[in-house]
Amino acid sequence: MTSRRNFGNNWWARRWLDVLESFGWASRLQRGRAYARRGNVLSIDLAPGLVKAKVQGSRPRPYDVKIKIKPLSDGEWTRVIEALASQAAFAARLLAGEMPDDIEEAFTGVSLSLFPHAAGDIVTSCTCPDWANPCKHIAAVYYLLGEKFDSDPFLLFLLRGREKEAIIKALREKRAALAGGPSLPVKKEEEMEPVPEESSSPPELPVDPVDFWQSGEGLDAFQVNMHPPAVPGVVLKRLGPPPFGRYARDFYQLLNSYYQEISRKAYELAYDAGEDGSQV
């Protein structure tokens, strides 16, 4: 189990390896683990539904590995997006660049699967002479994929046929449509009410400078209700670490701590103001 965690620290990476083992490939996967640990996977590139890799074997020339994952159709992705958009918790975390821990529920809820459902959903090839499938070179790539899912779980969507940007865009549009409801019918020109002409004279200002800075009656009913966001640090998470080289992560964490402290102080001040009886 310890070696498994080296290639799967998060649930989606562990789930990926568990799914592969459920196809009866456990013994074959074991052979590729050592290759993955030794760094024999020289390169790995991902595209929608496709993985290409070069793996160094016993021969001087690396072997070419291809792994094709059956993508979801456009109609199936539409069902998934609708399911994700209908649940605010899913939508908020995904739009913030986070992968929800229970994301599989959205797929199973529309009778689909985020991960390959059967061995037939995966088609592989390797230029090595080993006839077994998966060979140890393919198995090594499987493990490296689990490692990549740890760092970027949205690659799971890519293997099922959709890039992260496309998912976010479709999800944002669907959420906007749900929030806005049906569009109003467009009136004909003769049905439109005339727009009143703006007055050419500016509003009168108070003569006394002291009265100028008074809030007036219009603000008596104005209230601000402060609540913690559904996803903490959503702006920082969307932007990601800045391009500061090796100092980017430290700066990002420092800035995040500032945001948390500022938010905490704002909530504290708002609560104290409300306790005093003033409008917050």
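The sections below set out a description of the structure shown in this document. (Residues numbered from 1 in each chain as written. Predicted model: local features only at pLDDT ≥ 70, side-chain atom pairs only at ≥ 80, totals over all residues. Heavy atoms only, no water.)

## Brief notes about the packing of helix α2 (residues 11–38) against helix α6 (residues 136–151)
Our working rule: Comment: axis = line fitted to C-alpha atoms, over the contacting stretch for helices; angle = value between 0 and 180 degrees taken between N-to-C directions. Starting at the N terminus, helices and strands are each numbered in turn, a helix being any DSSP run of H or I of at least four residues and a strand any DSSP run of E of at least two. Any angle from 65 to 115 degrees is called roughly perpendicular, while one under 35 is roughly parallel, one over 145 is roughly antiparallel, and all others are oblique. Helix crossings get a hand from a simple test, with the near helix turned counterclockwise from the far one by less than a right angle marking a left-handed crossing and a clockwise turn marking a right-handed one. Here the term charged refers only to Asp, Glu, Lys and Arg, the term nonpolar to Ala, Val, Leu, Ile, Met, Phe, Trp, Tyr, Cys and Pro, and the term polar to all other amino acids, Gly among them.
The interhelical angle for the contact between α2 and α6, taken along N-to-C directions, is 130°, at an axis separation of 7 Å. Between α2 and α6, the crossing angle belongs to the class labelled oblique. Seen from above, α2 lies across α6 with left-handed handedness. Of the residues in the contact of α2 with α6, the class split is 16 nonpolar, four polar and five charged.

## Looking at helix α3 (residues 74–85)
Our working rule: Each residue after the first adds 1.5 Å to the expected span of a helix. Each residue's exposure class comes from its accessible area (1.4 Å probe, protein chains only) as a fraction of the maximum for that residue type: buried when under 20%, exposed when over 50%, partly exposed otherwise.
Helix length check: α3, at twelve residues, gives a terminal C-alpha distance of 16 Å against a target of 16 Å (1.5 Å per residue), a fit within 8%. Listing the buried residues of α3 in full gives Trp77, Val80, Ile81, Ala83, Leu84 and Ala85.

## Some details on the pattern of salt bridges
The line we're drawing: Think of a salt bridge as a Lys or Arg side-chain nitrogen and an Asp or Glu carboxyl oxygen that are within 4 Å of each other.
Enumeration according to the criterion identifies eight salt bridges in this entry. Close ionic contact of Arg15 with Glu104 constitutes a salt bridge, the shortest N to O distance being 3.1 Å. Of this pair, Arg15 sits in helix α2 while Glu104 is found in helix α5 (residues 104–108), placing the two residues 89 residues apart along the sequence. Asp130 is paired through a salt bridge with Arg31; the nearest N and O atoms lie 3.6 Å apart. Here Asp130, found in the loop between β4 (122–126) and α6, pairs with Arg31, found in helix α2; they are 99 residues apart in sequence, far enough to count as distant. A relative accessible area of 27% means that Asp130 is categorised as partly exposed. Classification of Arg31 by relative accessible area gives partly exposed; the value is 36%.

## Overview of the nonpolar core
Counted only if it meets this: Think of a nonpolar core as a cluster: buried Ala, Val, Leu, Ile, Met, Phe, Trp, Tyr and Cys residues, connected wherever their side-chain atoms sit within 4.5 Å. In what follows, residue pairs with any heavy atoms lying within 4.5 Å of each other are defined as contacts.
Trp16, Ile67, Ile103, Val141, Tyr142, Phe149 and Phe157 are the most contacted members of the largest nonpolar core, which has 61 residues in total. When residues in this core are grouped by element, the largest group, twelve residues, is from α2. Those residues within four positions of Trp16 in sequence are excluded, and the remaining contacts are Ile69, Phe115, Pro116, Tyr142, Leu145, Gly146 and Phe149.

Functional significance is not addressed by these values, which are geometric in nature.
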